[in-house]
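Structural characterization, general
These are the residues of each chain, in order.
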Amino acid sequence: MADKPKVAFYWCASCGGCEEAVVDLAEEILDVVEAVDIVFWPVALDFKVEDVEAMEDGSIAVSFINGAVRLSEQEEMAHLLRQKSQLVIAFGSCSHLGGVPGLANLWDKASIFDYYYVSGPTVEHGENIEVPEVKIEVPEGTLELPEFWDEVKSLDQVVKVDYYLPGCPPTVKIVSNAIKAILSGDLPPPGSVLAGTRALCYECPLNDSKPEKLLVKEIKRVHEVEIDPETCLLAQGLLCLGPVTRGGCESLCIEGHMPCTGCFGPLDEVLDQGAKGLSFLSSIIDADEEEEILQILDKVPDPVGVFYRYSLPRLSLTSKKEVKLGG
Ligand code: SF4
Ligand code: SF4
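A quick note: this is a predicted structure, and the numbers were derived from the prediction, not measured. (Residues numbered from 1 in each chain as written. Chains lettered and ligands numbered in written order. Predicted model: local features only at pLDDT ≥ 70, side-chain atom pairs only at ≥ 80, totals over all residues.)

Quick look at the domain arrangement of the protein chain
Looking at the assigned domains, one finds that the protein chain contains domain 1 (6-100 + 152-184), domain 2 (108-149) and domain 3 (200-314). Computed from C-alpha coordinates alone, the two centres of domain 2 and domain 3 are separated by 40 Å. (Domains from an automatic or database assignment.)

Pasting the structure below:
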């Protein structure tokens, strides 16, 4: 019998939700396990890094890597799995675009360490204030920690990525479709995002109620509205990013009466998801006077967190480091 294709799963700076998404394949995971040989999956199976190092280059058919890249260890593992794999798939928003952990790029390592270990309001100040060091001497010898990089990166800012599975986390359907496509060899051109090719609005069940020319005079937050489940959320004043977000998620948030926050990322032709979102918002503001426009925009509580929630490391402008944590 021919050898089964070897598959690896790895997590970098991840909340664990993407690992859950694999387990959520439920019965289908049994078919996957039947069809492949899982050779590395730190969250579930006891393989060691040495086991991967001992494999021949290119011997793993596909590595699914979730989470953003924040630590030297994650960068080393990404390079190792790239070397050993025919295909590398960025799994989930954090790997695809930097994700929620990427919002830490508003600060650098020094200010993050200062806040968490020295000046943050929940830190108790003893006599010795210590921040983690890469090497620590203890009576038993030297302990080593991974280096904490100044910036969070998406996976493709570290290694070449063959395909992207978007979402926070990716849905069962797109994961299952991707695995079937990989096993059958029926894959789109390298570099493709394995999800929809049109904006979410096209598949949204509320699309029929979206006005042809949509303008907003007031932006509302979800707790301020009694949501009408039959009407486009944007038409109700909720900042739904469906018009500028890739579809393919089965409108799960909309079905739950929550506006789209953009986790499937931008469409193919868009380089900067946040800039696209901002430009979209400015195109639907129903006001001409600067003061009124600013009043409307004031209702966006955290513009970076809204428009760059999943993609700050992919910001096309240079990132800024002057912001103080807690400030
Ligand atoms: S993409 Fe979402 S679910 Fe996956 S690791 Fe990142 S935050 Fe967690
Ligand atoms: S704006 Fe949001 S709620 Fe309205 S049609 Fe698009 S995805 Fe659906």
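Next comes the rest of the account.
Considerations on the pairing of strand β7 (residues 141-144)
Pairing analysis gives 4 bridges linking strand β6 (residues 135-138) to β7, with the strands arranged antiparallel. Each bridged residue has a counterpart across the sheet, and for Val-138 the counterpart in β7 is Gly-141. Linking β6 to β7, which pair antiparallel, is a turn of 2 residues. (Pairing = 2+ DSSP bridges. Helix = DSSP H or I, 4+ residues; strand = E, 2+ residues; numbered from the N terminus.)

Notes on helix α7 (residues 172-184)
Its 13 residues place the ends of α7 18 Å apart at the C-alpha level, agreeing with the 18 Å of an ideal helix rising 1.5 Å per residue. For α7, every residue scored as buried is listed here: Ile-174, Val-175, Ala-178, Ile-179 and Ile-182. Within α7, the buried residues cover an arc of 135 degrees as seen down the axis, which keeps them to one side. Opposite its buried face, α7 presents the exposed residues Lys-173 and Ser-184, each directed more than 90 degrees away. Looking one or two residues beyond α7, the residue adopting positive phi is Gly-185, at roughly 80 degrees. (Expected span 1.5 Å × (residues − 1). Buried ≥ 20, exposed ≤ 12 C-beta atoms within 10 Å, placed from the backbone. Arc of directions from axis to C-beta.)

Side note on the environment of Asp-162
Tracing the backbone through its elements, the reader meets Asp-162 in the loop between β8 (148-153) and β9 (163-165). Separated by 63 residues in the primary sequence, Asp-162 and Val-225 have C-alpha atoms spaced 42 Å apart. Apart from the residues within four sequence positions on either side, Asp-162 is in contact with Leu-87, Val-88, Ile-89 and Pro-190. (Contact = placed C-beta atoms within 7 Å.)

Thoughts on unusual backbone geometry
With an omega dihedral of -5 degrees, the bond running from Cys-168 to Pro-169 counts as a cis peptide bond. Mapped onto the elements, Pro-169 comes out in the loop between β9 and α7. Even without being glycine, Glu-250 reaches a positive phi, approximately 65 degrees. With respect to the helices and strands, Glu-250 occurs in the loop between α7 and α8 (252-255). Look at Glu-250 and you get partly exposed, because 16 C-beta atoms sit within 10 Å. A positive phi angle, close to 50 degrees, is found at Ser-251, a residue other than glycine. As for its position among the elements, Ser-251 is in the loop between α7 and α8. Here Ser-251 falls in the partly exposed class, since 18 other C-beta atoms lie within 10 Å of it.

Observations concerning the environment of Leu-80
In this structure, Leu-80 sits in helix α4 (residues 72-84). Contacts of Leu-80, omitting those with residues within four sequence positions, involve Val-52 and Glu-53.

Observations regarding the sheet that holds β9
Strand pairing in a sheet relies on backbone hydrogen bonds. The paired strands run either parallel or antiparallel. Ordered in space as β2-β1-β3-β5-β9, the 5 strands form an open sheet in which the pairing is parallel. Both outer strands of the open sheet, β2 (37-40) and β9, are each paired with one neighbouring strand and no more. The mean inter-strand angle of the sheet, taken between neighbouring strand axes irrespective of direction, is 30 degrees. As defined by bridge partners, strand β3 (residues 60-66) adjoins strand β5 (residues 85-91) across 6 bridges and the pair is classed as parallel. By the bridge assignment for β5, Ile-65 is matched with Ala-90. (Axes fitted to C-alpha atoms, helices over the stretch in contact; angles between N-to-C directions.)

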